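# Overview (structure and organization)
Here is how the chains run, residue by residue.
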Amino acid sequence: MDIHKQLLKRHSKENTRLITEYIGNDPERYASLMRIFNEEGWVAVQRGAWVVSEVGMKYPELLIPHLDDLISAVEAPPHPAIARNGLKVIAETNISLTEDQQGRVVQLSFELLADPKTPVAIHVYSMQCIANLLPVYPDLAIELKTLIEEGMEHGSPGYLSRGRKILKQIAKMKLQH
């Protein structure tokens, strides 16, 4: 299968599933997808982001050699789908990040979470990325708590649900004010 051509055929759950199954647990095919994700036009990148996330959720070990590229794509996304799917796979797999990658993800996540124009799903995955790192960086809890509480005033049901879950996690920590 030519992954690039298949991505351009149509944007659908069925096509995403087809490409995801084709890539499977194959590191070379995943590397081909990541090349498309990082080098092609925004249509292929947008559609590829969904596949990157789907394969990454099933086989997070495939992400490890591509984490820097994934984070770079999320830092300057040509389409919100890249940030949404990139942060989703980082947040939901809780994949091991280097110290530098942790710093980049935390910085980016705080920026996205603080921006009221950021789409809800990106807010949710941003707060989860930070929450996943609270055991390593407990000092982030106070700032995260403040941002979540501010966002809850006008938050969507998805934002409120994830926000309450993370606020409970923070409440269990012994915070130094």
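Residues numbered from 1 in each chain as written. Predicted model: local features only at pLDDT ≥ 70, side-chain atom pairs only at ≥ 80, totals over all residues. Heavy atoms only, no water.

To continue, consider the overall build of the chain. Within the chain, the secondary structure is distributed over ten helices and zero strands. Starting at the N terminus, the α and β elements of the chain follow one another as α-α-α-α-α-α-α-α-α-α. The C-alpha atoms of the chain give 17 Å as radius of gyration, which agrees with the globular expectation for 177 residues (16 Å, within 12%). For the chain, the spread of C-alpha atoms along the three principal axes comes to 55 × 30 × 25 Å. Out of the 177 residues belonging to the chain, those deemed buried represent 46%. A fraction of 67% describes how many contacts in the chain between residues 6 or more apart in sequence connect residues 24 or more apart. Positive and negative side-chain charges of the chain, numbering 20 and 22 respectively, have mean locations separated by a distance of 9 Å. (Helix = DSSP H or I, 4+ residues; strand = E, 2+ residues; numbered from the N terminus. Rg over C-alpha atoms; globule rule 2.2 N^0.38 Å. Buried < 20%, exposed > 50% of the residue type's maximum accessible area, 1.4 Å probe, protein only. Contact = heavy atoms within 4.5 Å. Lys, Arg positive; Asp, Glu negative; His and termini not counted. Charge placed at Lys NZ, Arg CZ, Asp CG, Glu CD.)

Enumeration according to the criterion identifies zero aromatic pairs in this entry. Here the basic side chain of R29 rests over the ring of Y22, its NZ or CZ set 3.9 Å away from the ring centre. (Phe/Tyr/Trp six-rings, centres within 6.5 Å; stacked < 30°, edge-to-face > 60°. Lys NZ or Arg CZ within 6 Å of the ring centre and 35° of its normal.)

Attention now moves to the confidence of the model for the chain. Looking at the chain as a whole, the pLDDT averages 92, with 97% of positions reaching at least 70. Helix α3 (residues 27-39) is the least confidently modelled element of the chain, averaging 89 in pLDDT, while helix α7 (residues 99-114) averages 97, the highest of any element. (pLDDT = per-residue confidence, 0-100.)

The subject of this paragraph is the pattern of salt bridges. Counted according to the given criterion, the structure contains seven salt bridges. Salt-bridge contacts for R104 lead to D68; the nearest nitrogen and oxygen are separated by 3.3 Å. Here R104 is found in helix α7, whereas its partner D68 is found in helix α5 (residues 67-75), with 36 residues between them in sequence. As a salt-bridge pair, R162 and E92 come within 3.1 Å of each other at their nearest N and O atoms. Taken as a pair, R162 in helix α10 (residues 157-171) and E92 in helix α6 (residues 80-93) lie far apart in primary sequence, 70 residues in all. We classify E92 as partly exposed; its relative accessible area is 36%. Where salt bridges share partners, they join D68, E75 and R104 into one cluster. (Salt bridge = Lys/Arg side-chain N within 4 Å of Asp/Glu carboxyl O.)

On to the side chain of N85. Within the secondary structure, N85 sits in helix α6. Judged by relative accessible area, N85 falls into the buried class, the value being 7%. Here N85 is in contact with A49, W50 and S53, once residues within four sequence places are set aside.

With that settled, the discussion passes to the packing of α3 against helix α4 (residues 42-58). One way to put it is that α3 packs onto α4 with a least axis distance of 9 Å and a crossing angle of 145°. As for how α3 packs across α4, the hand of that crossing is left-handed. Residues Y30, L33, M34, I36 and F37 of α3 form the contact with α4, whose own contacting residues are A44, V45, G48, A49, V51, V52, V55 and G56. Of the residues belonging to the contact of α3 with α4, the class tally is eleven nonpolar, two polar and no charged. (Axes fitted to C-alpha atoms, helices over the stretch in contact; angles between N-to-C directions. Left-handed = near helix turned anticlockwise from the far one by under 90°. Nonpolar A, V, L, I, M, F, W, Y, C, P; charged D, E, K, R; others polar.)

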